[in-house]
Amino acid sequence: MGVQQYDGIGEAFEGFKSLPLMRFGEVPSFLGMVGDVRGRSVLDLACGTGFYSREFKRRGAAEVFGVDISGEMIAAARGIEQRDPLGVGYEVGDVAELRPLDRRFDVALGVQCLNYAGSVAEMERMCRNVHRNLAPGGEFFLLAQNPDYRFDCPSLETYGFRCEPLGEESETGPRIRVTALLNPQPISIVATAPRREVYEQSLRAAGFGGLEWVPLQVSEAGLREHGEDFWADLLAYPPLEMLRCRA
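We now turn to the structure provided with this report.

Criteria and thresholds
- Residues numbered from 1 in each chain as written.
- Predicted model: local features only at pLDDT ≥ 70, side-chain atom pairs only at ≥ 80, totals over all residues.
- Heavy atoms only, no water.
- Helix = DSSP H or I, 4+ residues; strand = E, 2+ residues; numbered from the N terminus.
- Salt bridge = Lys/Arg side-chain N within 4 Å of Asp/Glu carboxyl O.
- Buried < 20%, exposed > 50% of the residue type's maximum accessible area, 1.4 Å probe, protein only.
- Pairing = 2+ DSSP bridges.
- Axes fitted to C-alpha atoms, helices over the stretch in contact; angles between N-to-C directions.

Here the bond from asparagine 183 into proline 184 is cis, since omega is 5 degrees, no more than 30 degrees from zero. When you line up the elements, proline 184 lands in the loop between strand 7 (174–180) and strand 8 (187–192). If you check the backbone angles, alanine 46 has positive phi at about 55 degrees while not being a glycine. Of note, alanine 46 is situated in the loop between strand 1 (41–45) and helix 3 (51–58). For glutamine 112, which is not a glycine, the phi torsion comes out positive at approximately 50 degrees.

Below you can see the structure in the form of structure tokens.
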């Protein structure tokens, strides 16, 4: 699920990171959770156009390799790499069928990755594939829809997004439509919001331990630019949550 809709987005996906939820919430929160990557190797799964791949390479990662199921996304990432070479490698690949790579990485990233599993068995397979490509003790950092989100943030559109339940249930959780309110053309993506226990059971079945859910924060820059009151609904009804674990 997802490859065709992402093929139709291509480099326009970069615009997501300019929206308030991403710019002042997701991005600084995720970078802060992952922390110092200097001298470490990073595997970026569902890398899209390579935003985090590039960011962590700039932050001193020794090696960064991005994988995404969408050929158009990888083409866009490679195009950006050509224009601004950082030494990031990219490959088209499905995390559910991920091959053993040439090395085992210190860090793996999964931003909006496991929520595309069509079944619990597929999510477990994805997690096993990540685990076998990590060095012993390597860390896996995830960001996804908050499993407890009830589509109840009254001003989510203020932060640049619309999130709607589709009234359908998959084996892993409810199906949802997320729309990025970009100008001039909003972009919608259909995905699943897996239940918390599905994430935890799948990761543990693959051999991960030390699971820790990490809440989204708003950066100091976001508070300065918009004020505390602007962010009150987002912090009270967070649509995103992060998760960290260790191989």
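In total, this model carries 22 salt bridges according to the counting rule given. The partner of arginine 99 in a salt bridge is aspartate 102, and the shortest N-O contact between them spans 4.0 Å. We classify arginine 99 as partly exposed; its relative accessible area is 35%. Note on aspartate 102: relative accessible area 77%, which makes it exposed. Residue glutamate 197 is joined to arginine 195 by a salt bridge in which the shortest nitrogen-to-oxygen separation is 3.2 Å. Exposure remark for glutamate 197: the relative accessible area of 38% places this residue in the partly exposed category.

Attention now goes to the sheet that holds strand 5 (residues 134–145). Spatial ordering of the open sheet is given by 3-2-1-4-5-10-9, a layout of 7 strands whose pairing is mixed. Both edges of this open sheet fall to strand 3 (89–92) and strand 9 (209–215), since each of them pairs with a single strand only. Recorded for the sheet is a direction-independent mean angle of 15 degrees between the axes of neighbouring strands. Pairing between strand 9 and strand 10 (residues 240–246): 5 bridges, direction antiparallel. In the strand pairing of strand 10, glycine 209 is matched with arginine 246.

The subject of this paragraph is the sheet that holds strand 6 (residues 161–169). Spatial strand order, 6-7-8: 3 strands in an open sheet with antiparallel pairing. Only two strands of the sheet have a single neighbouring strand rather than two, namely strand 6 and strand 8. Strand after strand, the sheet turns through a mean of 20 degrees between neighbouring axes, direction not considered. Sheet analysis places strand 6 next to strand 7, joined by 6 bridges and oriented antiparallel. When the sheet's bridge partners are listed, cysteine 163 is paired in strand 7 with valine 178.

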